[in-house]
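Observations on chain architecture
Read off the chains here:
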Amino acid sequence: MIPLTLTLSHKAERRTECSLKDRTVVTGVIGADSHSIGNWILQYALREAGFEVVALGILVSQEDFIHAAIETDAAAILVSSIYGHGILDCEGFREKCEEAGLKGMLLYAGGNLVVGKHDWGEVERKFKEMGFDRVYPPNTLPATAIADLKNDIIARRSNCSTRP
Ligand code: B12
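Just so it is clear, the structure is predicted and the values come from calculations on it, not from any experiment.

With that settled, consider the sheet that holds strand β6 (residues 106–111). If you walk across this open sheet you meet the 5 strands as β4-β3-β5-β6-β7, and the pairing is parallel. In this open sheet, the two edge strands, each paired with only one partner strand, are β4 (52–55) and β7 (134–135). Where β6 and β7 come together, 2 bridges link them in parallel fashion. Across the sheet, the residue bridging to A109 is V135, located in β7. Along the sheet, helix α2 (residues 62–72) contacts β3 (24–29), β4 and β5 (76–81); its crossing angle with β3, the most-contacted strand, is approximately 165 degrees.

So this is what it looks like as structure tokens:
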């Protein structure tokens, strides 16, 4: 097994070796959205960072994300929404995860989540209310989400063995 080296952003760095499930993530573009390029770049960056990526591509339903996460025992679902209907498409996602037994699943969303210019604080609040753990504004670089993901996985998974 190739260990995923997760680096904590604390003063003293610690390295953490996790099992396959701790480094498996599901990606896709939700709803009727066919913008594929940003999501492809995200997938590539995640793989480069050591993650196993279950890439569902475009036109992905909430159910497809959830089934893939269950089948692969994934640590996180990263939702892309580019065409501006992110709120509509993501509504009820957390509840469906819980109903399917994915309690505490890490849920991230990014892309161009709403149409036109909006106060980002409002958009972020809406997604947080919907149960997303992290929400990213347009043009967020994958590296930002990857750093958060590593820290969140370390924080969530109690079975990660840490070593100095
Ligand atoms: C190319 C393009 C298309 C192509 C897509 C081709 C393809 N195979 O992908 C085509 C022509 C098909 C298309 C169609 C449409 N498009 Co278009 N399209 C674009 C365009 C020009 C570029 C998108 C792109 O690839 N950007 C480059 C990638 C690298 O950037 P990105 O997608 O933002 O992704 C990055 C980040 O957002 C981030 N990211 C993405 N997902 C996630 C997820 C997480 C968790 C994180 C952390 C980060 C993250 O990481 C990526 C890499 O850095 C944009 C305008 C623009 N300049 O952005 C409009 C744009 C996205 N399109 C738009 C629209 C409205 C449409 C249509 C509805 C138009 C229409 N009326 O038909 C349709 C929708 C079709 C559909 N069903 O999806 C709007 C969206 C409006 C909004 N959200 O506010 C935009 C912004 C144009 C505009 N200014 O109005 N489009």
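Turning our attention to the nonpolar core. With 37 residues, the main nonpolar core has V25, A76, I77 and Y108 as its most contacted residues. Looking at this core, the elements that each hand over two or more residues are β3, α1 (37–48), α2, β5, α4 (93–99), β6 and α6 (142–156). In contact with Y108, other than residues within four places in its own chain, are A76, L78, V79, F132, D133, R134 and A145.

In this model, L59 sits at a positive phi of 55 degrees, which is unusual for a non-glycine residue. Residue position: L59 is located in the loop between β4 and α2. Overall, the presence of 14 C-beta atoms within 10 Å leaves L59 in the partly exposed class. Residues other than glycine seldom take positive phi values, yet N139 does so here, at roughly 70 degrees.

Among the 29 residues in the neighbourhood of the ligand, the closest are listed as G38, S80, G84, G110 and N112. Of all elements in the fold, only α1, β5, β6 and α6 reach the threshold of two or more residues within the shell around the ligand. The element best represented in the shell around the ligand is α1, accounting for 5 residues. Its residues assigned to classes, the shell around the ligand comprises 15 nonpolar, 13 polar and 1 charged.

The next point concerns α1. Between its first and last C-alpha atoms α1 spans 17 Å; for 12 residues at 1.5 Å apiece the expected length is 16 Å, and the two agree. Check the buried side of α1 and you find it contacts β3, β4, β5 and α6.

What counts, and where the lines are drawn
- Residue numbers run consecutively from 1 along every chain, following the written order of its sequence.
- Residue-level local features of this predicted model are given only where pLDDT is at least 70; pairs of side-chain atoms are given and counted only at 80 or more, and the full residue set underlies all totals for whole chains, interfaces and linings.
- The pairing criterion is simple: DSSP has to find at least two bridges between the two strands.
- To qualify as a helix, a DSSP run of H or I must reach at least 4 residues; to qualify as a strand, a run of E must reach at least 2; elements of each kind are numbered from the N terminus.
- Residues are defined as contacting one another if the C-beta atoms placed from their backbone atoms lie within 7 Å.
- A fitted line through C-alpha atoms represents every axis, and for helices the fit uses only the stretch in contact; the resulting angles, taken between N-to-C directions, go from 0 to 180 degrees.
- In this usage, the nonpolar core is the set of buried Ala, Val, Leu, Ile, Met, Phe, Trp, Tyr and Cys residues whose C-beta atoms join them within 7 Å.
- Burial is judged by counting other C-beta atoms within 10 Å of a residue's own C-beta: 20 or more means buried, 12 or fewer means exposed, and anything between counts as partly exposed, with every C-beta placed from the backbone.
- Any residue whose C-beta atom, as set from the backbone, lies within 6 Å of a molecule or strand is reported as near that molecule or strand.
- In this count, Pro and Cys sit with the nonpolar residues alongside Ala, Val, Leu, Ile, Met, Phe, Trp and Tyr, while Asp, Glu, Lys and Arg are called charged and the others, Gly among them, polar.
- The length a helix should cover is 1.5 Å for every residue beyond the first.

Shape descriptors only; they carry no functional weight alone.
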